[in-house]
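# Summary of structural features
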Amino acid sequence: MPQYNHILLTGGAGFIGSNFVRFVRAHRPDTHVTNLDALTYAGNLENLSDLEGDDGYRFVKGDIRDADVLRELLSDDNPIPGVDAVVHMAAESHVDRSILDSQPFITTNVQGTQTLLDAVRHANDGRDTPIRFVHVSTDEVYGSLPLDEPNEKFAESTPLAPNSPYAASKASSDMLVRAAHHTFGMDTLITRCSNNFGPYQFPEKVIPLFVTNLIEGKKVPLYGDGLNVRDWLHVDDHCEAVLAVLEKGRSGEVYNIGGNNERSNLDLTHTILQLMGHGDEMIEYVTDRPGHDRRYAIDAGKLERDLGWQPTRSAWPDALAATIDWYKSNGDWWQRVRSGAYRDYYSKQYAGRSVH
Ligand SMILES: NC(=O)c1ccc[n+]([C@@H]2O[C@H](COP(=O)([O-])OP(=O)(O)OC[C@H]3O[C@@H](n4cnc5c(N)ncnc54)[C@H](O)[C@@H]3O)[C@@H](O)[C@H]2O)c1
């Protein structure tokens, strides 16, 4: 099983990316990670403050739409070995924002992915072994399943039928990655994961939003009838799956990642309320999101059979309780996100440094 010398991770200052940096540094101490992130509103370097001083990790502020930055990073052998793998997580990721303004979703998720693919293809020229490219996508590209067919799940062969501008932009990026493999023989893989939960998730997403609202004594806004179903996976199970796909996946393949952990939003809300000692009076029903997908459910059998991966950290409700405890113990972190103070961290910590 190849272990990689140097992963170029895009979007590593976000929720999953920052957990992935920590996961790789803990489980593959010989693998260097360069984190390329534009620090949009969702990028928060405080997520990685514990890794400052780690020689195997470096941060580069830059945009995946900037071909010059990519060229420089992919040809850079100094002071660490050259990049031999790209894990692509950078994206605009919030469905509600894509409904308000889809433009950044098109420029980052679609054009940015193509710019990155082009840069990797050019960097492959003259190499014996091409750079491996793992594209981190989402189960949302498959669209929605009916509530009354509980045995139906998304397989890798399920036709793509994205329903939100976010999902459509991710589906487009999947198609571009597929085309890069078929047209240019690039060593690409695609993962499609269900909803993640865990530490460092931006508190606009449902679990940290509800937990932090309740800590502050505020109600939780539940969309529509709350019957929409999601399949919840702990972020570290996701990180382990991405690493397994990187190291053991078959080139050109798609791998679904899921927790076998379907919950309606109403069930999820009740469990959070119960774990935090509140009742239904803290629910505020709000108008449903337009085009809200009813149910996502992932068949991750291929990943389990072919690569030996199993979700081991997503057990319900214990994993949810541990996540709630994390937000309770890390009030400083999410309060600085809510107040916007986290945005000063980069300028304070990185000002005047010559190497990013
Ligand atoms: N969160 C989930 O439940 C989930 C589930 C399945 C798949 N995914 C996918 O996983 C990836 C990471 O999701 P997340 O929840 O951590 O997202 P996130 O919004 O928390 O983080 C995204 C990161 O990408 C960076 N970024 C955005 N535009 C950029 C650009 N143009 N150049 C460089 N960096 C840029 C942001 O600064 C941020 O740090 C995304 O591709 C998403 O589609 C997420």
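In what follows, the accompanying structure is described. (Residues numbered from 1 in each chain as written. Predicted model: local features only at pLDDT ≥ 70, side-chain atom pairs only at ≥ 80, totals over all residues. Heavy atoms only, no water.)

Another aspect to go through is the overall build of the protein chain. On a plain count of helices and strands, the protein chain comes out with 12 helices and 13 strands. Rg of the C-alpha trace for the protein chain: 20 Å, near the compact-globule value of 21 Å for 356 residues, within the 12% margin. Taking contacts inside the protein chain between residues at least 6 apart in sequence as the whole, the part at least 24 apart equals 82%. As presented, the protein chain carries roughly 14,800 Å² of accessible surface, and 47% of it is formed by carbon and sulfur atoms. Positive and negative charge centroids in the protein chain, built from 34 and 51 side chains respectively, lie 1 Å apart. (Helix = DSSP H or I, 4+ residues; strand = E, 2+ residues; numbered from the N terminus. Rg over C-alpha atoms; globule rule 2.2 N^0.38 Å. Contact = heavy atoms within 4.5 Å. Areas by Shrake-Rupley, 256 points an atom, 1.4 Å probe, with all protein chains shown as cover. Lys, Arg positive; Asp, Glu negative; His and termini not counted. Charge placed at Lys NZ, Arg CZ, Asp CG, Glu CD.)

Here we take up the pattern of salt bridges. Across all of its chains, the model carries 19 salt bridges by this definition. The closest approach of N and O atoms between R22 and D50, which form a salt bridge, is 3.0 Å. Of this pair, R22 sits in helix α1 (residues 15-27) while D50 sits in the loop between β2 (32-37) and β3 (57-61); the two residues are 28 residues apart in sequence, bridging distant segments of the chain. A salt bridge links D225 to R294; its shortest N-O distance comes to 2.8 Å. On the criterion of sequence distance, the pair formed by D225 in the loop between β8 (220-223) and β9 (229-231) and R294 in the loop between β13 (283-286) and α9 (301-307) is long-range, its members being 69 residues apart. Each of E216, K218 and R338 takes part in salt bridges that share partners, so that together they form one network. (Salt bridge = Lys/Arg side-chain N within 4 Å of Asp/Glu carboxyl O.)

This next bit is on the packing of aromatic side chains. All told, the structure shown has 13 aromatic pairs when counted by the stated rule. Positioned over the ring face of F184 is R121, at 3.8 Å from the centre of the ring. Above the plane of the ring of Y255 lies K302, whose end atom (NZ or CZ) is 4.8 Å from the centre. (Phe/Tyr/Trp six-rings, centres within 6.5 Å; stacked < 30°, edge-to-face > 60°. Lys NZ or Arg CZ within 6 Å of the ring centre and 35° of its normal.)

Turning next to the site of the ligand. Taken together, 29 residues lie near the ligand, and I16, D37, S93, Y166 and K170 sit nearest. In this structure, D37 approaches the ligand through a side-chain N or O atom, which is 2.6 Å from an oxygen atom. Relative to its unbound accessible surface of 840 Å², the ligand loses 96% to contact with the protein. The set of elements that each furnish at least two residues to the shell around the ligand consists of α1, β5 (132-138) and α5 (165-184). No other element matches the three residues that β5 contributes to the shell around the ligand. In terms of residue class, the shell around the ligand is built from 13 nonpolar, 12 polar and four charged. (Near = heavy atom within 4 Å. Polar contact = N/O pair within 3.5 Å; in protein donor to acceptor, adjacent residues only side chain to side chain. Nonpolar A, V, L, I, M, F, W, Y, C, P; charged D, E, K, R; others polar.)

With the rule as written, the count across this model stands at zero disulfides. Residue C193 stays outside any disulfide, its sulfur separated by 9.3 Å from that of C239, the closest cysteine. Residue classification places C239 among the buried residues on the basis of a relative accessible area of 0%. (Disulfide = S-S within 2.5 Å. Buried < 20%, exposed > 50% of the residue type's maximum accessible area, 1.4 Å probe, protein only.)

The subject of this paragraph is the sheet that holds β5. Ordered in space as β3-β2-β1-β4-β5-β6-β11, the seven strands form an open sheet in which the pairing is parallel. Since the sheet does not close on itself, it has two edges, and those belong to β3 and β11 (254-257), each with one partner. Strand-to-strand twist across the sheet, computed as the mean angle between neighbouring axes with direction ignored, equals 20 degrees. Here strand β4 (residues 85-88) runs beside β5; their pairing, made up of four bridges, is parallel. Paired with A85 across the strands is R132, a residue of β5. With respect to the sheet, helix α2 (residues 67-75) is in contact with β1 (6-10), β2, β3 and β4, its orientation differing from that of β2 by roughly 175 degrees. Of the strands in this sheet, β1, β4, β5, β6 (188-193) and β11 are in contact with helix α7 (residues 235-248), which crosses β5 at around 145 degrees. (Pairing = 2+ DSSP bridges. Axes fitted to C-alpha atoms, helices over the stretch in contact; angles between N-to-C directions.)

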